[in-house]
Amino acid sequence: MRIIVHTAKCQGHARCWAQAPEIFNLDDEGYILPGAIDVEEKDELFASRGARSCPERALEIDCT
Ligand code: F3S
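Attention here is on the structure that accompanies the text.

**Notes on the site of the ligand**
In the vicinity of the ligand there are 13 residues, among which Cys 10, Gln 11, Ala 14, Cys 16 and Cys 54 approach most closely. When its residues are assigned to classes, the shell around the ligand shows seven nonpolar, four polar and two charged.

**Some points on the pattern of salt bridges**
The final tally for this structure, using the stated rule, is two salt bridges. Between Arg 2 and Asp 38 there is a salt bridge, and its shortest N-O distance comes to 2.9 Å. Highlighted residues: Arg 2 in strand E1 (residues 2-5) and Asp 38 in strand E2 (residues 37-38), separated in sequence by 36 residues. For Asp 38, a relative accessible area of 58% gives the class exposed.

**A closer look at the sheet that holds E1**
One open sheet holds the three strands; their spatial order is E2-E1-E3, and the pairing between them is antiparallel. At either end of the open sheet lies a strand with only one pairing partner, and these are E2 and strand E3 (59-62). Inspection of the sheet shows E1 paired to E2 by two bridges, in the antiparallel sense. By the bridge assignment, Ile 3 is partnered in E2 with Ile 37. Docked against the sheet, helix H2 (residues 44-52) engages E1 and E3, running at close to 140° with respect to E3.

**Some points on the packing of aromatic side chains**
Counted under the stated rule, the structure contains zero aromatic pairs. In this arrangement the basic side chain of Arg 49 is found over the ring face of Phe 46, its NZ or CZ atom lying 5.2 Å from the centre.

**Looking at unusual backbone geometry**
In this structure, Ala 14 is a non-glycine residue whose phi angle is positive, near 65°. Within the secondary structure layout, Ala 14 lies in the loop between E1 and helix H1 (15-19). Backbone geometry places Arg 57, a non-glycine residue, at a positive phi of 55°.

Calculation criteria
- What you see as residue numbers is a count from 1 along each chain, following the sequence as written.
- Given that this is a predicted model, residues contribute local features only at a pLDDT of at least 70 and side-chain atom pairs are listed and counted only at 80 or more, while totals for whole chains, interfaces and linings are drawn from all residues.
- Note: side-chain values were computed over all heavy atoms of the structure, leaving out hydrogens and water.
- What makes a residue near a molecule or strand is one non-hydrogen atom of that residue sitting within 4 Å of it.
- The nonpolar class holds Ala, Val, Leu, Ile, Met, Phe, Trp, Tyr, Cys and Pro. Asp, Glu, Lys and Arg form the charged class, and all remaining residues, Gly among them, are polar.
- Between Lys or Arg on one side and Asp or Glu on the other, a salt bridge is scored when a side-chain nitrogen of the former is within 4 Å of a carboxyl oxygen of the latter.
- Numbering of helices and strands runs from the N terminus, with a helix taken as a DSSP run of H or I at least four residues long and a strand as a DSSP run of E at least two residues long.
- Note on classification: 1.4 Å probe, protein chains only; a residue is buried when its accessible area is under 20% of the maximum for its type, exposed when over 50%, partly exposed between these limits.
- Strands are treated as partners if at least two bridges between them are detected by DSSP.
- By definition in these notes, contact holds between two residues if any of their heavy atoms fall within 4.5 Å.
- Here, axes are lines fitted to C-alpha atoms. For helices the fit covers the stretch in contact, and angles between N-to-C directions go from 0 to 180 degrees.
- Centres within 6.5 Å are what make two rings of Phe, Tyr or Trp a pair, Trp counting through its six-membered ring; a difference in plane orientation under 30 degrees is then read as stacked, over 60 as edge-to-face, and the rest as tilted.
- Two conditions define a charge sitting above a ring: the NZ of Lys or the CZ of Arg must be within 6 Å of the ring centre, and it must be within 35 degrees of the ring normal.

Right, dumping it as C-alpha coordinates:
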(Lines give C-alpha, C1' and ligand atoms only; values in the text may rest on other atoms or scores of the structure.)
Protein backbone atom coordinates (compact mmCIF):
# COMPACT_ATOMS: atom_id res chain seq x y z
CA MET A 1 0.00 0.00 0.00
CA ARG A 2 1.13 3.51 -0.73
CA ILE A 3 -0.06 6.82 0.65
CA ILE A 4 0.02 9.83 -1.62
CA VAL A 5 0.67 13.00 0.34
CA HIS A 6 -1.02 16.18 -0.84
CA THR A 7 1.11 18.63 1.10
CA ALA A 8 -0.77 21.70 -0.11
CA LYS A 9 -3.89 20.45 1.70
CA CYS A 10 -2.16 19.79 5.03
CA GLN A 11 -3.17 22.20 7.79
CA GLY A 12 -1.04 20.67 10.51
CA HIS A 13 -3.76 18.83 12.43
CA ALA A 14 -1.34 15.97 13.19
CA ARG A 15 -4.14 13.42 13.52
CA CYS A 16 -2.28 11.17 11.09
CA TRP A 17 0.79 11.25 13.32
CA ALA A 18 -1.31 10.56 16.43
CA GLN A 19 -2.57 7.34 14.82
CA ALA A 20 0.76 6.17 13.39
CA PRO A 21 3.80 8.24 14.43
CA GLU A 22 6.20 5.79 12.83
CA ILE A 23 4.49 6.19 9.43
CA PHE A 24 3.72 9.89 9.19
CA ASN A 25 6.61 12.29 9.59
CA LEU A 26 5.87 15.91 10.38
CA ASP A 27 8.11 18.93 10.16
CA ASP A 28 8.94 21.19 13.12
CA GLU A 29 5.68 23.08 12.65
CA GLY A 30 3.55 19.96 12.51
CA TYR A 31 2.98 19.73 8.78
CA ILE A 32 3.34 16.48 6.88
CA LEU A 33 6.56 16.05 4.96
CA PRO A 34 6.26 15.79 1.16
CA GLY A 35 6.65 12.55 -0.76
CA ALA A 36 4.65 9.36 -1.14
CA ILE A 37 4.83 6.86 1.70
CA ASP A 38 5.33 3.18 0.96
CA VAL A 39 3.68 1.16 3.72
CA GLU A 40 4.64 -2.38 4.61
CA GLU A 41 1.80 -4.86 4.91
CA LYS A 42 2.21 -5.17 8.68
CA ASP A 43 1.67 -1.41 9.08
CA GLU A 44 -1.33 -1.06 6.79
CA LEU A 45 -4.00 -0.98 9.50
CA PHE A 46 -2.53 1.95 11.41
CA ALA A 47 -1.40 3.72 8.24
CA SER A 48 -4.88 3.60 6.75
CA ARG A 49 -6.41 4.77 10.03
CA GLY A 50 -4.01 7.68 10.04
CA ALA A 51 -4.73 8.58 6.43
CA ARG A 52 -8.49 8.45 6.98
CA SER A 53 -8.22 10.59 10.12
CA CYS A 54 -7.01 13.62 8.19
CA PRO A 55 -9.86 16.17 8.11
CA GLU A 56 -8.29 17.92 5.12
CA ARG A 57 -8.10 14.73 3.04
CA ALA A 58 -4.42 15.37 2.47
CA LEU A 59 -3.55 11.66 2.60
CA GLU A 60 -4.75 9.50 -0.27
CA ILE A 61 -4.59 5.74 0.02
CA ASP A 62 -3.37 4.07 -3.17
CA CYS A 63 -3.79 0.31 -3.24
CA THR A 64 -2.88 -0.16 -6.90
FE1 F3S B 1 -1.70 17.32 7.90
FE2 F3S B 1 -3.87 15.92 7.89
FE3 F3S B 1 -1.80 14.98 9.10
S4 F3S B 1 -3.78 18.11 8.05
S5 F3S B 1 -0.61 16.76 9.76
S6 F3S B 1 -1.96 15.38 6.93
S7 F3S B 1 -3.88 14.91 9.83
